[in-house]
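Geometric and topological summary
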Amino acid sequence: PPPPLLPFPICVISVMLAVSRLASYAPHASFRRGFAKTTSPEKKKERLVVLGSGWGSYNVLTQVDHTKYDVTAVSPRNHFLFTPLLASTTVGTLDFRSIVEPIRKKNKPMHYYMAECVDVDHKNKEILCQESHSDKTFSLPYDKLVIGVGASSNDFNIPGVKEYAYFLKELKHARAIRSRIVELFEKASIPTRTIEQQRALLHVVVVGAGPTGVEFAGELSDFFWRDLVKYFPEIPLQEVKITILEGSKTILSAFDSKLVSRAVTSITKAGVYIRTDSIVKEVTAHGVRLADNTFIPCGLVVWSTGIGPRPLVKKLDVAHGSHGGISVDPQLRVPGADDVFALGDCAEVEGMNLPATAQVARQQGSYLARKLNASQTDKRKMEEKFVFKFLGIMLYAGGQKSIFESKYFGGFGFFEWILWRSVYLLSLGSIQNRFQVPAEWLSTALFERCFPVPGVDIQS
């Protein structure tokens, strides 16, 4: 009998499926000619280079359209740091990993280089970068450039600040402060120490009564009186001291004076001394010297007196503002430099007196991302100017009390502390950190802060 016809169509179908699969994996369109239509070549993307990884730059990187731009980030820091909670990490209330977000994103195709931009050639649209771990340099071309390098801590050229003071601006600063605190208590617990030596070692001086300095003092007082003294029962509590030095007559000038007065009363009751009209003349290995030659012995000096322009900002051949930042128009464009934008602490918007806060930089980053994403034909968005929307200001003053001030209401106390935590919790970037941070807050409330061991959990 004749063979069955069923295997023949099966063989044909199998061959067709195999050919179609080979065509789908072919690297060249010419191989697929006759089987599939040749796709048109992909339109070349504009090269967008973003300098920095702070509030402004990070919002540009996360909100800009990556299908429209070939995005490159250049920063010596490969993560975004949630700075409002940085003081909490110095005493172990939060872990360091809970307030950082990596620049590299799985769902955001982009290039990242751990380097620092040292020069900008805006005429040839090229930047010069230096690697973070060597002196080698390399160049990067760009079509559009966003400068968001932030600002550096201002030491006002006071002798000894760079050598002996601790700053509180980066994650490495918080780690160093935390390690130093434990070191001081360990040294003071040695039985051969005299009372005078203990008093000097256990005295922490915070220079600058701005939000960062006051929040750090509040976190430190909580850590000292609630947790650390339990580990060192041999150290007399009266020898532990925290002092805030402020060069002007008032502190926290951005807040309502009545709320500040209540906060000062609360801080003082918590064991923090505030000295106004105290200008630091010199910082030494054993303390600080004031302008009236008064010497204050201490074991730790935390410097939080303000910010100044970074070397790149000073070097750029562009107009600068009254505070040394890059002068930009209301659309954040740098005059005289085509397709160059600046935002955050390194920029000063013409006609606007904006505070150097995360709130301003964050809004500028979102605004600039929208502007870059807009079509050239959308004149409304292309001509839109940056408008800062004041959402309020907050500050933790220790003892589970905060200042909360907005255009709707203001107050100081426990309820405001709950608001302070709630706002920052919702502002965290990743879902993981939004779970991790409240878990650590709960652990601190139920138990105590983990005793930091230098070289072990400090470097985690």
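Refer to the preceding data block for the structure.
Now for a look at the structure at hand.

Side note on the packing of aromatic side chains
- Within the structure shown, the criterion is met by 13 aromatic pairs.
- Relative to Phe80, the ring of Tyr58 has its centre 4.5 Å away and its plane inclined at 10°; by these criteria the two rings are stacked. Of this pair, Tyr58 sits in helix H2 (residues 55-63) while Phe80 sits in strand E3 (residues 79-81), placing them 22 residues apart in sequence.
- A relative accessible area of 5% places Phe80 in the buried class.
- Plain terms: the ring middles of Tyr113 and Phe138 are 5.9 Å apart, the flat faces sit at 70° to each other, and that makes the pair edge-to-face. Linking Tyr113 in strand E5 (residues 111-113) with Phe138 in strand E8 (residues 137-141), this pair joins segments that are 25 residues apart in sequence.
- Residue classification places Tyr113 among the partly exposed positions, given a relative accessible area of 33%.
- Here the aromatic cluster, defined as three or more aromatic residues joined through ring pairs, consists of Trp55, Tyr58, Phe80, Phe82, Tyr396, Trp420 and Tyr424.
- One cation-aromatic arrangement involves Arg175 over Phe96; the distance from NZ or CZ to the ring centre is 5.3 Å.
- Note that Lys241 overlies the ring of Tyr273, its terminal NZ or CZ placed 5.0 Å from the centroid.

Notes on empty space enclosed by the protein
- Scanning the model with the defined rule gives 1 cavity of 30 Å³ or more in all.
- Volume-wise, the largest cavity comes out at about 60 Å³.
- Every residue along the wall of the largest cavity is listed here: Val120, His122, Ile147, Leu316, Asp317, Val318, Ile326, Val334, Ala337 and Val340.
- In terms of residue class, the lining of the largest cavity is built from 8 nonpolar, 1 polar and 1 charged.

Things to note about the environment of Ser152
- Tracing the chain through its elements places Ser152 in strand E10 (residues 152-153).
- For Ser152, a relative accessible area of 22% puts it in the partly exposed group.
- Between the C-alpha atoms of Ser152 and Pro311, which are 159 residues apart in sequence, the distance is 9.0 Å.
- Ignoring sequence-local partners within four residues, the contact set of Ser152 consists of Lys169, Gly306, Ile307, Gly308, Pro309 and Arg310.

Some points on unusual backbone geometry
- Despite not being glycine, Asn157 shows a phi value in the positive range, around 55°.
- Checked against the element boundaries, Asn157 lands in the loop between E10 and helix H4 (161-164).
- Assessed through its relative accessible area of 72%, Asn157 is described here as exposed.
- One non-glycine residue, Leu332, adopts positive backbone phi at about 65°.
- For Leu332, the location among the structural elements is in the loop between strand E20 (326-328) and strand E21 (340-342).

Overview of the pattern of salt bridges
- Going through the model one piece at a time under the given rule, you end up with 15 salt bridges.
- In this structure, Lys315 engages Asp119 in a salt bridge whose closest nitrogen and oxygen atoms are separated by 4.0 Å. Here Lys315, found in helix H9 (residues 311-315), pairs with Asp119, found in strand E6 (residues 115-121); they are 196 residues apart in sequence, far enough to count as distant.
- You can call Lys315 exposed: its relative accessible area is 52%.
- Assessed through its relative accessible area of 28%, Asp119 is described here as partly exposed.
- Among the salt bridges present, the one from Asp277 reaches Lys249, with a minimum N-O distance of 3.5 Å.

Thoughts on the sheet that holds strand E2 (residues 69-74)
- Pairing is parallel across the open sheet formed by 5 strands, whose spatial order is E5-E2-E1-E9-E21. Pairing within the sheet leaves two strands with one partner each, and these edge strands are E5 and E21. Adjacent strand axes in the sheet meet at a mean angle of 15°, parallel and antiparallel pairs treated alike.
- Relative to E21, strand E9 (residues 144-147) is paired through 3 bridges, and the arrangement is parallel. Across the sheet, residue Leu145 finds its bridge partner in E21, namely Val340.

A look at the packing of helix H5 (residues 171-188) against helix H7 (residues 211-231)
- Running from N to C, H5 and H7 cross one another at 40°; their axes reach a closest spacing of 13 Å. As far as their axial angle goes, H7 and H5 are oblique. By crossing handedness, the relation of H5 to H7 is classed as right-handed. Residues Ile177, Ile181 and Phe185 of H5 pack against Phe216, Leu220, Phe223, Phe224 and Leu228 of H7.

What about the state of the cysteines?
- Within the structure shown, the criterion is met by 0 disulfides.
- Of all cysteine sulfurs, the one in Cys117 lies closest to Cys129, which takes part in no disulfide; the gap is 5.0 Å.

Some details on the layout of surface pockets
- Taken as a whole, the second largest pocket spans an internal volume of roughly 320 Å³.
- If you trace the second largest pocket, you find 13 residues lining it, with Ser152, Ser153, Asn154, Asp155 and Lys162 closest to the centre.
- Tallied by class, the residues present in the lining of the second largest pocket amount to 4 nonpolar, 5 polar and 4 charged.

Details of H5
- An ideal rise of 1.5 Å per residue puts 26 Å on 18 residues; H5 measures up with 26 Å between its terminal C-alpha atoms.
- Within the span of H5, buried status applies to Leu171, His173, Ala174, Ile177, Arg178, Arg180, Ile181, Val182, Leu184, Phe185 and Ala188.

Remarks on the sheet that holds strand E24 (residues 402-405)
- Strand order in the open sheet formed by 3 strands is E23-E24-E25, and the pairing between neighbours is antiparallel. Of all the strands in the sheet, the pair left with one neighbour each is strand E23 (393-396) and strand E25 (410-413). This sheet shows a mean twist of 5° between the axes of neighbouring strands, independent of strand direction.
- Sheet analysis places E24 next to E25, joined by 4 bridges and oriented antiparallel. Paired with Glu405 across the strands is Gly410, a residue of E25.

Criteria and cut-off values
Residues numbered from 1 in each chain as written. Predicted model: local features only at pLDDT ≥ 70, side-chain atom pairs only at ≥ 80, totals over all residues. Heavy atoms only, no water. Phe/Tyr/Trp six-rings, centres within 6.5 Å; stacked < 30°, edge-to-face > 60°. Helix = DSSP H or I, 4+ residues; strand = E, 2+ residues; numbered from the N terminus. Buried < 20%, exposed > 50% of the residue type's maximum accessible area, 1.4 Å probe, protein only. Lys NZ or Arg CZ within 6 Å of the ring centre and 35° of its normal. 1 Å grid on protein atoms, 1.4 Å probe; cavity = no way out; pocket = protein on both sides within 12 Å on 5 of 7 lines; lining within 4 Å. Points joined across faces, edges and corners; volume = space filled by probe spheres on them. Nonpolar A, V, L, I, M, F, W, Y, C, P; charged D, E, K, R; others polar. Contact = heavy atoms within 4.5 Å. Salt bridge = Lys/Arg side-chain N within 4 Å of Asp/Glu carboxyl O. Pairing = 2+ DSSP bridges. Axes fitted to C-alpha atoms, helices over the stretch in contact; angles between N-to-C directions. Parallel < 35°, antiparallel > 145°, perpendicular 65-115°, else oblique. Left-handed = near helix turned anticlockwise from the far one by under 90°. Disulfide = S-S within 2.5 Å. Expected span 1.5 Å × (residues − 1).

So, to be careful, I would describe these as geometric facts and stop short of saying anything about function.
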